[in-house]
Amino acid sequence: MKFEEVIGQEDAKQRLRRLVAEDRVPHAMMFTGPQGCGKMALAMAFASYLLCSNRHDGDSCGTCPQCVMLRKWAHPDLHFTFPVIKPEGSSSDYRPVSDEFLKEWRQLLENGPYFTIEQWLDALRTKSQQAIMTVREADELTRKLSLRSSQGGYKVSLIWLPERMREETANKMLKLIEEPPSQTVFLMVTENPAALLETIRSRTQQFAMQRIGTQQIETALVERRGIDVDAAHRIARIAEGSWVSALDHLDADSEHKEFLEDFMQITRASFMRNVTGMVQWTNSVAAYGREKQRRMLTFFSRMIRESFMYNFHLPELSYMTQQEEQFVVRFAPFVNEANVMELSELMEKAHFDIGRNANAKMVFFDVALQITVLLRRK
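Just so it is clear, the structure is predicted and the values come from calculations on it, not from any experiment. (Residues numbered from 1 in each chain as written. Predicted model: local features only at pLDDT ≥ 70, side-chain atom pairs only at ≥ 80, totals over all residues. Heavy atoms only, no water.)

Draft legend 1. Main features of the overall build of the protein chain. Looking only at helices and strands, the protein chain has 17 helices and five strands in total. In terms of principal-axis extent, the alpha carbons of the protein chain reach across some 70 × 50 × 35 Å. Counting over 378 residues, the protein chain shows a buried share of 51%. In the protein chain, of all internal contacts separated by at least 6 residues, the share reaching a separation of at least 24 is 72%. Summed over its atoms, the accessible surface of the protein chain is roughly 18,600 Å², and 49% of this surface lies on carbon and sulfur atoms. (Helix = DSSP H or I, 4+ residues; strand = E, 2+ residues; numbered from the N terminus. Buried < 20%, exposed > 50% of the residue type's maximum accessible area, 1.4 Å probe, protein only. Contact = heavy atoms within 4.5 Å. Areas by Shrake-Rupley, 256 points an atom, 1.4 Å probe, with all protein chains shown as cover.)

Put into structure tokens, the structure is as follows:
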């Protein structure tokens, strides 16, 4: 993967190039930043840059033997470590490692380096298991990195979501980072650095990244996805600096479209005081997993905000898709100074309650009842 394939982040790319040019590459780096900003993409491009045998013009060449292997993410000196699940039918004391899931991992990478833990769990065909890094993972990585570089250059250990390491795993990984094998570079990509051991954070050079610029996302949508300029402009604004979010809005089966249908259904049923419709909606969304329910409530909060802002008739304040706007045109008059704060607080409270494992049917039916009252307030 080349730097030119990473969307935006030009300052970050320049900093990485300088580290290599000045022979100051740290033995351990931690890439942090908002979800969808391209942390993993940049780490993979940097790994390719380090391993390329003919880098020039500030990028990997893409054609040398190293780059040919990297195109399939099968370079012998690039070692991936990522959260995994226990295979079905394995014993209770079995400790899985990343190598057992390389086929699924490489298939995910074929679709691009912008993805979430939810997409990885989908690739593993699990919803209930928690993906973690076992202590056996640290032992296996120690063994692999103790070997000499097969190509005579760097050995790169790319660790995705190290915050999912078990405590024993983290302690062993700390020792490995403190006493790194020769010519080894650790690249950690984390969504939650605070969840890592302080001793690990203190031994890595943190590389904080910013959200991708709206114009850069818009350009990428037009050039890479063939989206027309107007649609790209809308999606780029809604994405709020996340390429993952932008791609999500392009997906015909996007959760956002499902959530929009949910929002329209409950606001209509509540406004009409259609108790049967409210109960049906409650039963439907109560069947979602808790993480999906929380994402839905976050979407509802955004729709309330957008509906309120739409009343000011200032397009520059609008961050909606065309489909969302078509609904908000009719719904916005019911969101005003008298109810917008309480509607927002209602969604936040429901989000909090769901996160604390409250009974979903009770939470969502209460939401429906309160919307009935609040939408009639002027």
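Draft legend 2. Representation of helix α2 (residues 39–51). With 13 residues, α2 extends 18 Å from end C-alpha to end C-alpha; this agrees with the ideal 18 Å at 1.5 Å per step. With 13 of 13 residues buried, α2 is to be regarded as a mostly interior element. (Expected span 1.5 Å × (residues − 1).)

Draft legend 3. The nonpolar core, seen in detail. Counting residues in hydrophobic clusters, the biggest one holds 63 residues, and the most contacted among them are Phe 31, Phe 46, Trp 105 and Trp 160. Among the elements that line this core, the one with the most residues is α2, at eleven residues. Not counting residues within four places of it along the chain, the set of residues in contact with Phe 46 comprises Phe 3, Leu 16, Val 20, Val 25, Met 29, Phe 31 and Leu 187. (Core = buried A, V, L, I, M, F, W, Y, C linked by side-chain atoms within 4.5 Å.)

Draft legend 4. Focus on the sheet that holds strand β3 (residues 155–160). One open sheet holds the five strands; their spatial order is β2-β3-β4-β1-β5, and the pairing between them is parallel. Strands at the two margins of the open sheet, each flanked by one partner only, are β2 (78–81) and β5 (205–208). Ignoring which end each strand starts from, the neighbouring axes of this sheet average 20° apart. Here β3 runs beside strand β4 (residues 184–189); their pairing, made up of six bridges, is parallel. (Pairing = 2+ DSSP bridges. Axes fitted to C-alpha atoms, helices over the stretch in contact; angles between N-to-C directions.)

Draft legend 5. Here's a closer look at the pairing of β4. Counted residue by residue, β4 has six buried out of six residues, so it is predominantly covered. Where burial is concerned, the two faces of β4 agree: the one with Thr 184, Phe 186 and Met 188 and the one with Val 185, Leu 187 and Val 189 are both buried. Pairing of strand β1 (residues 28–32) with β4 involves four bridges; the strand directions are parallel. Residue pairing across strands places Ala 28 opposite Phe 186, the latter belonging to β4.

Draft legend 6. Examining the pattern of salt bridges more closely. Tallying each qualifying case throughout the model produces 17 salt bridges. Note that Lys 13 and Glu 10 form a salt bridge whose closest N and O atoms lie 3.0 Å from each other. Pair noted here: Lys 13 and Glu 10 are both in helix α1 (residues 10–21), with a separation of three residues, about one helical turn. Since its relative accessible area comes to 3%, Lys 13 is described here as buried. Asp 99 is paired through a salt bridge with Lys 144; the nearest N and O atoms lie 3.2 Å apart. Separated by 45 residues along the polypeptide, Asp 99 in the loop between β2 and α4 (102–110) and Lys 144 in helix α6 (residues 135–145) bring together distant segments of the chain. (Salt bridge = Lys/Arg side-chain N within 4 Å of Asp/Glu carboxyl O.)

Draft legend 7. The side chain of Asp 77, seen in detail. Tracing the chain through its elements places Asp 77 in the loop between α3 (65–71) and β2. Engagement of the side chain of Asp 77 in a polar contact is seen with the backbone nitrogen of Gln 151, the distance being 3.1 Å. (Polar contact = N/O pair within 3.5 Å; in protein donor to acceptor, adjacent residues only side chain to side chain.)

Draft legend 8. View of the environment of Met 44. Looking at where Met 44 falls in the secondary structure, it is placed in helix α2. Sequence separation between Met 44 and Ser 149 is 105 residues, and the spatial gap between their C-alpha atoms is 18 Å. If we ignore the near neighbours within four places in the chain, the residues touching Met 44 are Met 1, Trp 73, Leu 109, Pro 113 and Leu 158.

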